[in-house]
Amino acid sequence: MESDSGLWPLNAIAITGLGIVSPIGIGPEEVWASILNGKSGVQRIQAFDAGGLPVQIAGEVRGFNATDYVRPKKSLKLMSRDAQLGVAASIMACEMAGLPALGLDAGRIGVIFAADRISGGLDEGIASYEVSIADGRFSMELWASKGMSESFPLSFLKVLPNMVACHISIACDAQGPNNTIHHGEVSGLLALAEAASILCRNRADFVIAGGTSARIRPYDWVGLCGTDRLSTENGDPAQACRPFDRRRTGQVIGEGAGAVVLERLSGALERQGPILGLILGTGCAHEPGNRSLPTGSAVIRAAHLALSRAGVSPDELAFVHAHGLGSIREDMLEASWIHRVAPGVPVVGLKGYLGNLGAAAGVVEAAISVLGLRESTVPATLNCCEPEGDCLVNIAKVPSAIEKSKVLIIQWTHGGQAAAVVLSRWPT
């Protein structure tokens with residue numbers, strides 16, 4: 001069934017609100033300005049002293065004040081940084097969609113949010129650790145008898161990934177379906193897919209869908225530095241992440257959150273809501289993860305599924321938004337997979353601006369893609385000055401005008417999971 005314009009199916013999913021908290025800005029306008037100006041958010045780490053570690057750079061969110069968004073302020077005692085970023089992005093999205101003024105049935109508003117593993121801060125464990133030392137060594141017996149009593153009794157609630165969606169539901173009075181997606185970098189796109197499914201099944205009228213990640217903490221960072229996938233170009237952070245460039249040296253970790261308000265297109269048209277774009281189709285797939293690198297079969301299946309469900313052919317795409325880690329081995333593999341799905345279509349990778357935002361990556365990058373479609377502009381792939389010689393795809397190296405109105409977004413993990421979403425511009 002089509003809308004009155006004869007262009008869009010009424011069961012399409014409308015994006016009516018966006019919220020972004022990222023290393024290149026807080027809010028869609030600031031983020032898009034950074035994209036157009038080629039501004040990277042990758043800098044030397046300020047959150048803690050990383051001087052003794054091999055990786056000292058990251059995409060940190062600067063200038064963020066949680067008290068600007070969280071009410072009451074005492075709630076911050078139970079909120080990890082991941083939750084703070086997620087709540088802020090969600091409140092932005094709801095305000096843009098105009099939800100607070102609608103007087104909605106809270107039971108018809110859902111929250112589907114992606115989250116990474118959350119660890120506590122080292123400062124939170126200092127007191128219990130100090131009283132558990134005997135003869136210069138940590139004693140588990142003392143920790144059980146004395147150390148536990150020194151711990152904040154509700155600290156465990158800060159590190160549960162599902163608490164992010166809980167805090168968002170409280171902050172936005174969303175009492176409908178609530179779920180947490182916890183599958184690494186594909187989590188954000190999977191959250192969009194589940195939210196769209198909930199709306200299509202009429203289980204809710206609005207869904208706040210998004211993702212958040214804040215892994216720039218000492219405990220996590222030591223573990224991340226133990227892999228061979230991160231760039232160690234500490235001297236020039238802004239140039240460190242180079243998706244698809246022949247000089248790439250590895251990926252860069254970032255933090256941030258993105259959220260969108262989704263609703264059925266028919267409802268958005270009826271209430272005359274601010275339609276920013278459409279979700280036309282989603283796809284997900286998996287391949288066995290018992291090898292060092294995926295074969296790409298899951299990526300290709302997920303992309304084909306999303307395009308098929310959207311009723312979109314590759315030649316209708318303005319660009320493909322790639323995972324684009326900036327990793328030495330993975331980038332050329334991904335380029336070959338994209339070539340099999342959408343040969344000749346321009347390819348964009350935004351992690352040079354942001355770093356790898358983990359569970360937040362899919363939604364933040366999807367939101368930026370929506371902004372690009374609205375402005376009829378292909379974002380540039382930052383730091384890709386000389387694409388690898390055997391790269392099979394056309395990397396968008398500078399911002400350029402586009403006439404086509406659809407984009408395919410791809411995210412995948414080393415574990416073999418893949419997700420894809422097809423977005424469309426809404427005519428203005």
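Residues numbered from 1 in each chain as written. Predicted model: local features only at pLDDT ≥ 70, side-chain atom pairs only at ≥ 80, totals over all residues. Heavy atoms only, no water.

**Observations concerning the overall build of the chain**
Counting its regular elements, the chain contains twelve helices and 18 strands. Rg of the C-alpha trace for the chain: 21 Å, near the compact-globule value of 22 Å for 428 residues, within the 12% margin. Along the first, second and third principal axes, the C-alpha set of the chain runs to 75 × 55 × 40 Å. Restricting to contacts in the chain with at least 6 residues of sequence separation, those with at least 24 account for 77%. About 17,200 Å² of surface is accessible on the chain, with carbon and sulfur atoms providing 52% of the total. The centroid of the 35 positive side-chain charges in the chain is displaced by 1 Å from the centroid of its 41 negative side-chain charges. (Helix = DSSP H or I, 4+ residues; strand = E, 2+ residues; numbered from the N terminus. Rg over C-alpha atoms; globule rule 2.2 N^0.38 Å. Contact = heavy atoms within 4.5 Å. Areas by Shrake-Rupley, 256 points an atom, 1.4 Å probe, with all protein chains shown as cover. Lys, Arg positive; Asp, Glu negative; His and termini not counted. Charge placed at Lys NZ, Arg CZ, Asp CG, Glu CD.)

**Quick look at empty space enclosed by the protein**
Within this structure, the stated rule accounts for one cavity of 30 Å³ or more. Estimated volume of the largest cavity: approximately 30 Å³. Lining the largest cavity are Ile15, Leu18, Leu192, Val260, Ile279, Ala366, Ala367, Val370 and Leu423. Secondary structure elements with two or more residues in the lining of the largest cavity: strand S1 (13-22) and helix H12 (361-374). The biggest single contributor to the lining of the largest cavity is H12, with three residues. Its residues assigned to classes, the lining of the largest cavity shows nine nonpolar, no polar and no charged. (1 Å grid on protein atoms, 1.4 Å probe; cavity = no way out; pocket = protein on both sides within 12 Å on 5 of 7 lines; lining within 4 Å. Points joined across faces, edges and corners; volume = space filled by probe spheres on them. Nonpolar A, V, L, I, M, F, W, Y, C, P; charged D, E, K, R; others polar.)

**Here's the deal with the pattern of salt bridges**
Counted according to the given criterion, the structure contains 14 salt bridges. Notably, a salt bridge pairs Arg62 with Glu60, separated by 3.1 Å at the nearest N-O pair. Of the residues examined, Glu60 reaches a relative accessible area of 5% and is grouped as buried. With a closest N to O distance of 2.9 Å, Glu388 and Arg248 form a salt bridge. (Salt bridge = Lys/Arg side-chain N within 4 Å of Asp/Glu carboxyl O. Buried < 20%, exposed > 50% of the residue type's maximum accessible area, 1.4 Å probe, protein only.)

**Concerning the nonpolar core**
The nonpolar side chains of a soluble globular protein tend to be buried, and buried together. Grouped together as the largest cluster of nonpolar side chains are 55 residues, with contacts concentrated most on Ile15, Leu192, Leu262, Ile368 and Leu423. The dominant element in this core, judged by the number of residues it contributes, is H12, at nine residues. Setting aside chain neighbours within four positions, we find Leu192 in contact with Ala209, Val260, Leu262, Ile279, Val363 and Ala366. Among the nonpolar cores identified, the runner-up in size contains 41 residues, and Ala285, Ala322, Val347 and Val422 belong to it. (Core = buried A, V, L, I, M, F, W, Y, C linked by side-chain atoms within 4.5 Å.)

**A few points about the side chain of Gln411**
Within the secondary structure, Gln411 sits in strand S17 (residues 406-412). For Gln411, a relative accessible area of 0% translates into the label buried. Polar side-chain contacts of Gln411 include one of 3.1 Å to the side chain of Glu365. (Polar contact = N/O pair within 3.5 Å; in protein donor to acceptor, adjacent residues only side chain to side chain.)

**Some details on the packing of helix H1 (residues 28-36) against H12**
It is at 11 Å that the axes of H1 and H12 come closest, and there the two elements cross at 75°. If you check the angle between H1 and H12, you find them roughly perpendicular. Within the contact between the two elements, H1 uses Pro28, Val31, Trp32 and Ile35 and H12 uses Ile368, Leu371 and Gly372. For the contact of H1 with H12, the class distribution of residues is six nonpolar, one polar and no charged. (Axes fitted to C-alpha atoms, helices over the stretch in contact; angles between N-to-C directions. Parallel < 35°, antiparallel > 145°, perpendicular 65-115°, else oblique.)

**Quick notes on the packing of helix H9 (residues 297-310) against helix H10 (residues 330-341)**
Look at H9 against H10: their axes get within 10 Å of each other, and the N-to-C directions meet at 35°. Every pair of crossing elements has a handedness; the one defined by H9 and H10 is right-handed. Between H9, through Val299, Ile300, Ala303, His304 and Leu307, and H10, the contact on the second element is made entirely by Trp337, Arg340 and Val341. (Left-handed = near helix turned anticlockwise from the far one by under 90°.)

**Some details on the layout of surface pockets**
Computed from the structure, the largest pocket encloses a volume of approximately 440 Å³. Taken together, 17 residues make up the lining of the largest pocket; nearest its centre are Glu124, Gly125, Ser128, Ser151 and Ser155. Ranked by the residues each element gives to the lining of the largest pocket, the list is headed by helix H3 (residues 122-130), at four residues.

**Quick notes on the side chain of Gln84**
With respect to the helices and strands, Gln84 occurs in helix H2 (residues 81-97). For Gln84, the residues in contact, after removing those within four places along its chain, are Phe64, Ala66, Leu76 and Met79.

**Let's talk about unusual backbone geometry**
The amide bond that connects Arg71 to the next residue, Pro72, takes the cis arrangement and shows omega of -10°. Tracing the chain through its elements places Pro72 in the loop between strand S4 (57-59) and H2. Its identity as a non-glycine residue notwithstanding, Asp173 has a phi of 50°, on the positive side. Along the polypeptide, Asp173 turns up in the loop between helix H5 (163-171) and strand S8 (178-181). Since its relative accessible area comes to 43%, Asp173 is described here as partly exposed. The backbone of Phe244 sits at a positive phi, close to 70°, despite the residue not being glycine. You can see Phe244 is positioned in the loop between helix H7 (218-225) and strand S10 (256-264).

**As for the packing of aromatic side chains**
Tallied over the entire structure, the rule returns three aromatic pairs. Aromatic pair Tyr129 and Phe138: ring centres 5.6 Å apart, planes at 10°, arrangement stacked. Classification of Phe138 as partly exposed rests on a relative accessible area of 39%. (Phe/Tyr/Trp six-rings, centres within 6.5 Å; stacked < 30°, edge-to-face > 60°.)

**Some words on the state of the cysteines**
Taken as a whole and judged by the stated rule, the model has zero disulfides. Among the cysteines around Cys391, which has no disulfide bond, Cys384 carries the closest sulfur, lying 7.1 Å off. (Disulfide = S-S within 2.5 Å.)

**Structural notes on the environment of Ala115**
Relative to the helices and strands, Ala115 resides in strand S5 (residues 109-115). Residue Ala115 is classed as buried on the basis of its relative accessible area of 1%. Residues Ala115 and His339, spaced 224 residues apart in sequence, show a C-alpha to C-alpha distance of 30 Å.

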